[in-house]
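Here's the letter readout for the chains.
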Amino acid sequence: MALSVQQFIKLANYYNQTAVLMSAICVQKGGIPIENYSGRMYAADVLEYIVEYARRLRANGKIAIPADVARAIEQFDAQYKRVKHLTTPTQKPIYEMSLDEFEKFMNI
């Protein structure tokens, strides 16, 4: 996946939609706290991916990052720091795996 600000925005929108859906599910299940929802680990994994993507985006000196996107990156980073203990432990983070390694990991 080529690094781009537009791709980061798509990932951020996906995460935000996921958070809204998780909140709706918690309400539908009787108002359970989001901390008790089983999907919170998935959301933490998605957030980990977004933060790593943003780190690589910033590390690439050729890509200009608008101020509003930079603020969003800081917000996602702060959110991730609060939930990083919920991420799925692996020998190697998914974003560092090759396609072959990922397929083997997922047993595809």
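About the thresholds
- Residues numbered from 1 in each chain as written.
- Predicted model: local features only at pLDDT ≥ 70, side-chain atom pairs only at ≥ 80, totals over all residues.
- Heavy atoms only, no water.
- Core = buried A, V, L, I, M, F, W, Y, C linked by side-chain atoms within 4.5 Å.
- Buried < 20%, exposed > 50% of the residue type's maximum accessible area, 1.4 Å probe, protein only.
- Helix = DSSP H or I, 4+ residues; strand = E, 2+ residues; numbered from the N terminus.
- Contact = heavy atoms within 4.5 Å.
- pLDDT = per-residue confidence, 0-100.
- Expected span 1.5 Å × (residues − 1).
- Salt bridge = Lys/Arg side-chain N within 4 Å of Asp/Glu carboxyl O.

Focus on the nonpolar core
Consideration 1: The biggest cluster of nonpolar side chains holds 20 residues, and the ones touching the most others in it are Phe8, Tyr15, Leu47, Ile50, Val69, Ile73 and Phe76.
Consideration 2: Those elements that provide at least two residues to this core are α1 (5-28), α2 (40-59) and α3 (67-83).
Consideration 3: No other element matches the 8 residues that α2 contributes to this core.
Consideration 4: Those residues in contact with Tyr15 that sit more than four places away from it in its chain are Ala43, Val46, Leu47, Ile50, Phe76 and Gln79.

Examining the confidence of the model for the chain
Reading predicted coordinates in detail is not appropriate for stretches of low pLDDT.
Consideration 1: Confidence in the prediction for the chain averages 87 pLDDT; 97% of positions are at 70 or higher.
Consideration 2: Confidence, expressed as mean pLDDT per element, reaches its minimum in the chain at helix α4 (residues 99-105) with 79 and its maximum at α1 with 94.

A word on α2
Count 3.6 residues to each turn of an α-helix, and residues three or four apart come out pointing the same way.
Consideration 1: With 20 residues, α2 should cover 28 Å at 1.5 Å per step; its first-to-last C-alpha distance of 28 Å lies within 8% of that length.
Consideration 2: When we look at burial in α2, the residues that qualify are Ala43, Ala44, Val46, Leu47, Glu48, Ile50, Val51, Glu52, Tyr53, Ala54 and Leu57.
Consideration 3: Contacts from the buried residues of α2 go to α1 and α3.

Focus on the pattern of salt bridges
Side chains carrying opposite charge are able to pair once their charged atoms draw close together.
Consideration 1: Per the counting criterion, the structure on display carries 4 salt bridges.
Consideration 2: Between Arg56 and Glu52 there is a salt bridge whose closest N-O contact spans 2.8 Å. Highlighted residues: Arg56 and Glu52, both in helix α2, separated by 4 residues, approximately one helical turn.
Consideration 3: Accessibility expressed as a relative area gives 32% for Arg56, which makes it partly exposed.
Consideration 4: Here Glu74 makes a salt bridge to Arg58, at a shortest N to O gap of 2.5 Å. Note that Glu74 is positioned in helix α3 and Arg58 in helix α2, a separation of 16 residues in sequence.
Consideration 5: A residue is classified by how much of its surface remains accessible, and Arg58, at 41% relative accessible area, is partly exposed.
Consideration 6: Residues joined by salt bridges that share partners form a network here, namely Glu52, Arg55 and Arg56.

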